[in-house]
Amino acid sequence: MSRLAVNICRLLLALVFIFSGYVKAIDPLGTLYKLGDYMKAVGLEGALPDWVLLTFSIGLAAVEFCLGIFLLFAIRRRQTSWATVGLLSVMTAVTLWLAIANPISDCGCFGDAVKLTNTQTLWKNIALLTMAVVTAWRPLKMMRFVSESNQWIVINYTIFFIIVSSAWSLWTLPMFDFRPYHIGADLKKGMQMPPGAEQPEFETTFILRKNGVQKEFTLNNYPDSTWEFVDSKTVQTKAGYEPPIHDFDITPIGSDGQPAGESVTDSILDNKGYSFLLISPHLETADDTNFGDIDQLYEYAQEHGYGFYCLTASTPKAIRHWQDITGAEYNFYATDETTLKTIIRSNPGLMLIKHGVVIRKWSHNRLPKTDELVQPLEKSELGQLPDDTIPGKILKIVLWFVLPLFVLTLADRLWAWSRWLKRKQESNRIYQLLKKKRKMRKKIVAGNWKMNMNLQDGVALAKEINEALIADKPNCDVVICTPFIHLASVAQVLDSKVVGLGAENCADKEKGAYTGEVSAEMVKSTGAQYVILGHSERRQYYGETAEILKEKVQLALANGLKVIFCIGETLEEREANKQNEVVKAELEGSVYNLNAEEWKNIILAYEPIWAIGTGKTATAEQAEEMLAYIRSTVAEKYGAVVAEDTTILYGGSCKASNAPELFSKPDIDGGLIGGASLKTADFKGIIDAWKK
């Protein structure tokens, strides 16, 4: 259930982030304008130059889009999930402020594609943050679509695609136009109120005074004429239907910069011919590098009788400056700044309309060239609505981005499957070839008593185990490893041909003033033949390092002891998929310095630390996979023959019930048993697994 919950949350987050990031990425100027609204709301209008805000808008969109793709493909699962939590925490805090203070009407989370109220946005972000926390709680449960070795392709291609998309949208125009002035839009219809639409309601309050007392009245309780009028105010009490286009007005500009006559909006929109609208919110910051193309378009319009109007919110000074540097002869008209920014994402930009319908839109970087202006618009392709439909645009995205990632995913999965199949076939072949050799490899069940039982109970248990195995001969070598005080006494009651004896540790010093330590020589003198070294409890509780263990191994071998050397990873290392490098590092640090002759007296014991004494057991497949890997590292160091002769045990909550399945695996040669070795019946049940 936790895996299902994590993956559902991960996919929902991915879809939202991909959509949110993409619609902002293809409209970087729109995001810039929204950031300007935020700066104004906190009193920092103009504090940062536009290029800084534009860079931030592109970066924010890229981060959202990339996080969405990384979540979808489960790339860098830990980092991605926590980055998502961090980003959503900030966004949720911002939208909480918006919901409370309402400084701007729309947060701009989905650009112009989807409009949400501030309250709706807050609830949306709370839901997304909850899903992000679930994902970060168990990030490694996210199912990968692409193997880790190929993830760099998705990472780099995603970053490249989204940055190029933003850059292309800046150079031309956004691929998708979600605003009411998009190509094909009927501006007149967009300004109309549909029949039966709800009208807004307003209430007027009158402030009146009488005998020095000032009061407020409405039309319902307006007093007699003895009250003196002071002031009045009108507020909207109920929002009604607002047309998509409600602030589009074109008014001639006089030399003083003030309106010089009545609005010409209707006459322009009602004109059944073509009209060019040159759009520039601010001529003082407009790009003037292509003014020659603009002048040529004006001459073309004059020649064919088309209207040409420059709509701006600039001052007379800015208009005169533009005329001076470009030689503009066309007329200028006043239009609301926000409306102009909404019409086209370019400064300047050009829009062609016919009878109020938007036919074409161009960025100042992509204006029509001379060879496109040889015919009247009625006969030219420029005068017709383009064939660039929304399905066609979506197809382009599929071909340029979705399809390559799909092909990569398919190829990666096929490659992973074929590799698994080949590995499976190879392992079966090797298993058959080495089956006879494996029978020659020693099978061992070793008991580790740890710090349990007094001397008398320990001797009694050893004697009981010895008698049980003499009566029912085992199919494997059996070793019991006891605390130091038991060794000499237990050695007296064991038949060394049936049960071997080992210590749980030895010192890293040969002899000397090391109070409380027991040397390898002392262990050997008790009659012991084995010693356990490198156990995780010694590493964890007593700080035994690779160097210390290296010394212990050398001294144990020098004194004729066989070493049961323990290796294994923690739960955190397993979840981080670092188990291979952990066990390899432990081997390289302490035993891979031995020569081939010394290696003959080494027995390896893989014990996943997360399974020791916890009741948890690695599955037989997990254990086999790790022991096969360990054997492969031995082969790399000492050769395949030595690797095949090396006994490798599994330890970690091994018991009679699961021992047969574990011992059936080709690379598991027995077990290092903890708690189950303290009772004869339990211990013998594991030993007897070799008879099944």
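The name an unreviewed UniProt entry assigns to the protein chain is Triosephosphate isomerase, from the organism Segatella buccae ATCC 33574. For the record of the protein chain, the UniProt heading Subunit (unreviewed entry) holds the text "Homodimer." Database annotation for the protein chain, UniProt heading Sequence similarities (unreviewed entry): "Belongs to the triosephosphate isomerase family."

*Asks:* I would appreciate a short explanation of the overall build of the protein chain in the present structure.
*Replies:* Across its full length, the protein chain carries 24 helices and 17 strands. At 40 Å, the protein chain has a C-alpha radius of gyration far larger than the 26 Å of a compact globule built from 692 residues. Taken along the three principal axes of its C-alpha coordinates, the protein chain extends 120 × 80 × 50 Å. Taken over 692 residues, the protein chain has a buried fraction of 46%. For the protein chain, the proportion of contacts with a sequence separation of at least 24, taken over those separated by at least 6, is 73%. Carbon and sulfur atoms form 57% of the exposed surface of the protein chain, whose accessible area is close to 35,200 Å².

*Asks:* I would appreciate a short explanation of the UniProt feature "domain: Methylamine utilisation protein MauE" (unreviewed entry) in the protein chain in the present structure.
*Replies:* Within this structure's numbering, the places UniProt gives as "domain: Methylamine utilisation protein MauE" (unreviewed entry) are residues 5-137. Strand forms 0% of residues 5-137 and helix 78%; the C-alpha atoms that close the span are 11 Å apart.

*Asks:* Can you help me understand the side chain of Arg360 in this one?
*Replies:* Structurally, the position occupied by Arg360 is in strand β9 (residues 357-363). Glu381 is the oppositely charged side chain nearest to the buried, salt-bridge-free Arg360, at an N-O distance of 4.3 Å. Within polar-contact distance, the side chain of Arg360 engages the backbone oxygen of Leu382 at 3.5 Å. From its side chain, Arg360 meets the backbone oxygen of Gln384 in a polar contact 3.0 Å long. The residues touching Arg360, leaving out its near neighbours within four places in the chain, are Ile183, Leu350, Met351, Leu352, Glu381, Leu382, Gln384, Leu385 and Pro386.

*Asks:* Please clarify how the UniProt feature "binding site: substrate" (unreviewed entry) in the protein chain should be interpreted in this entry.
*Replies:* In this numbering, the UniProt entry assigns the feature "binding site: substrate" (unreviewed entry) to Asn448, Trp449, Lys450, Gly613, Ser653, Gly674 and Gly675. Tracing the backbone through its elements, the reader meets Asn448 in strand β10 (residues 444-448). Setting aside its immediate chain neighbours within four residues, Asn448 contacts Cys481, Glu504, Ile532, His535, Leu672, Ile673, Gly674 and Ser677. As for its placement among the helices and strands, Ser653 is situated in the loop between β16 (648-650) and α23 (659-663).

*Asks:* I'm lost on the nonpolar core in this one. Help?
*Replies:* Side chains that are nonpolar tend, in soluble globular proteins, to be buried together. Among the nonpolar cores identified, the biggest contains 66 residues, and Ile480, Phe565 and Phe663 are the most heavily contacted of them. The dominant element in this core, judged by the number of residues it contributes, is helix α21 (residues 620-638), at 7 residues. Sequence-distant contacts of Ile480, that is, excluding residues within four places in its chain, are made with Gly447, Trp449, Ala462, Ile465, Val490, Leu494, Val499, Gly500, Leu501, Gly502 and Phe683. One finds Ile253, Tyr298, Tyr300 and Cys310 within the second-largest nonpolar core, a separate group that totals 27 residues.

*Asks:* Help me understand a nonpolar patch on the surface, please; the structure alone is not making it clear to me.
*Replies:* Among the surface-exposed residues, Ile390, Ile394, Leu395, Val398, Leu399, Trp400, Val402, Leu403, Phe406, Val407, Leu410 and Leu414 lie close enough to one another that they form a single nonpolar patch of about 1,200 Å² accessible area. Summarising the element assignment, Leu395 is placed in helix α12 (residues 390-440).

*Asks:* Teacher, can you tell me more about empty space enclosed by the protein here?
*Replies:* Empty space among the atoms can be located by rolling a probe the size of a water molecule over them. Throughout the structure, instances matching the rule amount to 2 cavities of 30 Å³ or more. Volume-wise, the largest cavity comes out at about 80 Å³. Along its surface, the largest cavity is lined by Val16, Phe17, Ser20, Lys24, Glu64, Leu88, Met91, Cys109, Phe110, Lys124, Asn125 and Leu128. Only α1 (2-25), α4 (77-101) and α5 (118-137) provide two or more residues apiece to the lining of the largest cavity.

*Asks:* Please clarify how the state of the cysteines should be interpreted in this entry.
*Replies:* Here is the idea: a disulfide is a covalent bond, and it sits between the sulfur atoms of two cysteines. This structure, assessed with the given rule, holds 1 disulfide. Linked covalently through their sulfurs, Cys107 and Cys109 form a disulfide whose S-S length is 2.3 Å. Handedness here is read from the sign of the S-S torsion; for Cys107 and Cys109, about -140°, the answer is left-handed. Like Cys107, the residue Cys109 is buried in the burial classification. No disulfide involves Cys9; its sulfur sits 19 Å from the nearest other cysteine sulfur, which is in Cys109. For Cys9, a relative accessible area of 12% translates into the label buried. Summary of cysteine pairing: Cys481 is not part of a disulfide, and the nearest cysteine sulfur, belonging to Cys566, is at 9.0 Å. For Cys481, a relative accessible area of 0% gives the class buried.

*Asks:* When you look at the sheet that holds strand β4 (residues 251-252) in this model, what are you seeing that I'm missing?
*Replies:* In a beta sheet, neighbouring strands are held together by backbone hydrogen bonds and run either parallel or antiparallel to one another. Spatial strand order, β4-β7-β6-β5-β8-β9: 6 strands in an open sheet with mixed pairing. Bordering the open sheet on either side are β4 and β9, each of which pairs with just one other strand. When strand β8 (residues 349-354) meets β9, the two strands line up antiparallel, connected through 6 bridges. If you follow Met351 over to β9, its bridge partner there is Lys361.

*Asks:* Can you walk me through the pattern of salt bridges in this structure?
*Replies:* Any two side chains of opposite charge can pair, on the condition that their charged atoms come close. In the structure shown here, the tally under the stated rule is 29 salt bridges. Put simply, Glu544 and Arg538 hold a salt bridge, and the shortest N to O gap is 2.9 Å. One network of salt bridges, with partners in common, ties together Asp27, Asp106, Asp112, Lys115, Asp177, Arg179, Arg345 and Lys361.

*Asks:* In this structure, what is going on with unusual backbone geometry? I would like to understand it.
*Replies:* The general pattern is negative phi for most residues beyond glycine and trans for most peptide bonds. A cis geometry characterises the amide bond from Asn347 onward to Pro348, with omega recorded as 0°. Among the secondary structure elements, Pro348 is positioned in the loop between α11 (337-343) and β8. Of note, Asn102 is a non-glycine position whose phi angle comes to about 55°, a positive value. Residue placement: Asn102 occurs in the loop between α4 and α5.

*Asks:* Can you help me understand the packing of helix α13 (residues 455-471) against helix α24 (residues 680-687) in this one?
*Replies:* Between two packed helices, the angle of one axis relative to the other and the distance separating the axes together describe the packing. It is at 10 Å that the axes of α13 and α24 come closest, and there the two elements cross at 40°. It follows from the interaxial angle that α13 and α24 lie oblique. The handedness of the crossing between α13 and α24 is right-handed. The segment α13 lies against α24, with Leu461, Glu464, Ile465, Ala468 and Leu469 engaging Thr680, Phe683, Lys684 and Ile687. When the residues that make up the contact of α13 with α24 are grouped by side-chain class, the tally is 6 nonpolar, 1 polar and 2 charged.

*Asks:* In this structure, what is going on with a negative patch on the surface? I would like to understand it.
*Replies:* A surface patch of like charges, here negative, comprises Asp371, Glu372, Glu381, Asp387 and Asp388. Position of Glu372 among the secondary structure elements: in the loop between β9 and α12.

Thresholds, definitions, all that
Residues numbered from 1 in each chain as written. Predicted model: local features only at pLDDT ≥ 70, side-chain atom pairs only at ≥ 80, totals over all residues. Heavy atoms only, no water. UniProt positions renumbered as here; feature names shortened; annotations may be inferred. Helix = DSSP H or I, 4+ residues; strand = E, 2+ residues; numbered from the N terminus. Rg over C-alpha atoms; globule rule 2.2 N^0.38 Å. Buried < 20%, exposed > 50% of the residue type's maximum accessible area, 1.4 Å probe, protein only. Contact = heavy atoms within 4.5 Å. Areas by Shrake-Rupley, 256 points an atom, 1.4 Å probe, with all protein chains shown as cover. Lys, Arg positive; Asp, Glu negative; His and termini not counted. Salt bridge = Lys/Arg side-chain N within 4 Å of Asp/Glu carboxyl O. Polar contact = N/O pair within 3.5 Å; in protein donor to acceptor, adjacent residues only side chain to side chain. Core = buried A, V, L, I, M, F, W, Y, C linked by side-chain atoms within 4.5 Å. Patch = residues over 30% accessible without salt bridge, like charges linked within 9 Å, V, L, I, M, F, W, Y side chains within 5 Å. 1 Å grid on protein atoms, 1.4 Å probe; cavity = no way out; pocket = protein on both sides within 12 Å on 5 of 7 lines; lining within 4 Å. Points joined across faces, edges and corners; volume = space filled by probe spheres on them. Disulfide = S-S within 2.5 Å. Pairing = 2+ DSSP bridges. Axes fitted to C-alpha atoms, helices over the stretch in contact; angles between N-to-C directions. Parallel < 35°, antiparallel > 145°, perpendicular 65-115°, else oblique. Left-handed = near helix turned anticlockwise from the far one by under 90°. Nonpolar A, V, L, I, M, F, W, Y, C, P; charged D, E, K, R; others polar. Charge placed at Lys NZ, Arg CZ, Asp CG, Glu CD.

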